[in-house]
Amino acid sequence: MAETKTVVHLMRHGEVYNPDGILYGRLPGFRLSDLGQKMAERVADHLADHDVRAVVASPLQRAQETAAPIASRHDLEVATDERLIEAANFFEGKKFSVGDGVLKRPAVWFKLWNPMKPSWGEPYKEQVKRMHAALHDAAQLAPGHEVVLVSHQLPIWISRLAAENRSFLHDPRKRECTLASLTSFEFIGGRITAVRYSEPAKDLLPVKNTKKFVAGA
């Protein structure tokens, strides 16, 4: 008899209203932009005919707002899981672009010495520990069905790297985790057996600004 397959979708929130271009991290009060709301609705439409039995989100406003239309489509309430929160970051609240941000200040360069840990924020291993615990709990919450967890780019990406036994060392600009994307973990027998990636709101993504990089989301 074949074992039951359960799918847990790790969704990144939609675009955030951030006119000052700062690394907002875990700061409160950062809501979705109008485009971000459209992204959330697009993914809700995409998942409307899926067998979603639970929707869980990071406590941050942008994640809660992204989760709301998905939960509504399935007559569910949005649950909150602190383990899905954004990664802690030393540069939170600051501009983090090259040339006009905090990186032009030599006094903070010491925080960048170890990209493997990383030295400027929550260790990757700790992110994996909490995120994978949330993933496994979600799979047990609705065996044989689907669950949506709304989180943030770095924790999602690191969770995927860990599941695929890949190095944590990476270029942030090359993370395959766009706004409102789905990184879907398939579970069979309590184990992650496959990871799939999709971008239901791809046509809504803003044009990339190649002149500067703002970290975190």
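The text that follows walks through the structure, step by step, so that each part is easy to find. Computed from a predicted structure; not experimentally measured.

**Points about the packing of helix H3 (residues 124-141) against helix H4 (residues 153-163)**
So, point 1. Packing of H3 against H4 leaves a shortest axis separation of 9 Å and a crossing angle of 85°. For the element pair H3 / H4, the angle class is roughly perpendicular. Contacts between H3 and H4 involve Tyr124, Gln127, Val128, Arg130, Met131 and His132 from the first element and Leu154, Pro155, Ile156, Ile158, Ser159, Ala162 and Ala163 from the second.
So, point 2. Of the residues assigned to the contact of H3 with H4, the class counts are nine nonpolar, three polar and one charged.

**Observations regarding the nonpolar core**
So, point 1. With 19 residues, the main nonpolar core has Met11, Val43, Val55, Ile70, Val148 and Val150 as its most contacted residues.
So, point 2. For this core, the secondary structure elements donating two or more residues are helix H1 (34-46), strand E2 (52-57), helix H2 (61-73) and strand E4 (146-151).
So, point 3. If you tally residues by element for this core, the top one is H2, at four residues.
So, point 4. Residues contacting Val150, with those up to four places away along its chain left out, are Met11, His13, Val56, Ala57, Ser58, Ala63, Thr66, Ala67 and Leu84.

**What to know about the sheet that holds E2**
Remark on secondary structure: sheet strands pair via backbone hydrogen bonds, oriented parallel or antiparallel.
So, point 1. Ordered by their spatial adjacency, six strands build an open sheet running E3-E2-E4-E1-E5-E6, and the pairing between neighbours is mixed. Looking at strand neighbours, the two that pair on one side only are strand E3 (78-80) and strand E6 (191-198), the edges of this open sheet. Between one strand axis and the next, the sheet turns through 25° on average, direction left out of account.
So, point 2. Sheet analysis places strand E5 (residues 182-188) next to E6, joined by seven bridges and oriented antiparallel.

**Focus on unusual backbone geometry**
Most peptide bonds take the trans form, and the phi angle of most residues other than glycine is negative.
So, point 1. Backbone geometry at Asp75 places phi at a positive 55°, although glycine is not the residue there.
So, point 2. In this structure, Asp75 sits in the loop between H2 and E3.
So, point 3. Of note, Ala180 is a non-glycine position whose phi angle comes to about 60°, a positive value.
So, point 4. Inspection of the secondary structure puts Ala180 in the loop between H4 and E5.
So, point 5. Note on Ala180: relative accessible area 0%, which makes it buried.

**Comments concerning the pairing of E2**
So, point 1. Here E2 lies mainly inside the structure; five of its six residues are buried.
So, point 2. The pairing of E2 with E4 spans five bridges and is classified as parallel. Bridge pairing in E4 places Ala57 opposite Val150.
So, point 3. Here three bridges tie E2 to E3, and the two strands are oriented parallel to one another. Each bridged residue has a counterpart across the sheet, and for Ala57 the counterpart in E3 is Thr80.
So, point 4. Handedness of the crossover is the feature at issue here: the chain leaves E2, passes through H2, returns alongside E3, and the resulting connection is right-handed.

Reading guide: rules and limits
- All residue numbers here refer to positions counted from 1 along the written sequence of the relevant chain.
- Local features in a predicted model are, by the rule used here, given only for residues with pLDDT of at least 70; side-chain atom pairs are given and counted only at 80 or more, and totals for whole chains, interfaces and linings are based on all residues.
- Hydrogens and water molecules were not included; the side-chain quantities draw on all heavy atoms of the structure.
- All axes are obtained by fitting lines to C-alpha atoms, using only the stretch in contact for helices, and the reported angles, taken between N-to-C directions, cover 0 to 180 degrees.
- A helix here means a DSSP run of H or I that spans at least four residues, while a strand means a run of E at least two residues long, and both kinds are numbered starting from the N terminus.
- Should an angle lie under 35 degrees it is considered roughly parallel, over 145 roughly antiparallel, and from 65 to 115 roughly perpendicular; all remaining angles are considered oblique.
- Pairs of residues are marked as contacts when any of their non-hydrogen atoms sit within 4.5 Å.
- Only Asp, Glu, Lys and Arg are considered charged, only Ala, Val, Leu, Ile, Met, Phe, Trp, Tyr, Cys and Pro nonpolar, and every remaining residue, Gly among them, polar.
- We define the nonpolar core as a collection of buried residues of types Ala, Val, Leu, Ile, Met, Phe, Trp, Tyr and Cys that are connected through side-chain atoms lying within 4.5 Å of one another.
- For each residue, the accessible area found with a 1.4 Å probe, counting protein chains only, is set against the maximum for its type, and the residue is called buried under 20%, exposed over 50%, and partly exposed in between.
- Strands pair, by our definition, only if DSSP identifies at least two bridges between them.
- Every crossover in which the path from the first strand over the helix to the second runs clockwise, viewed with the strands pointing away from the viewer, is termed right-handed.

Such coordinate-based values are descriptive only and should not be taken to indicate function.
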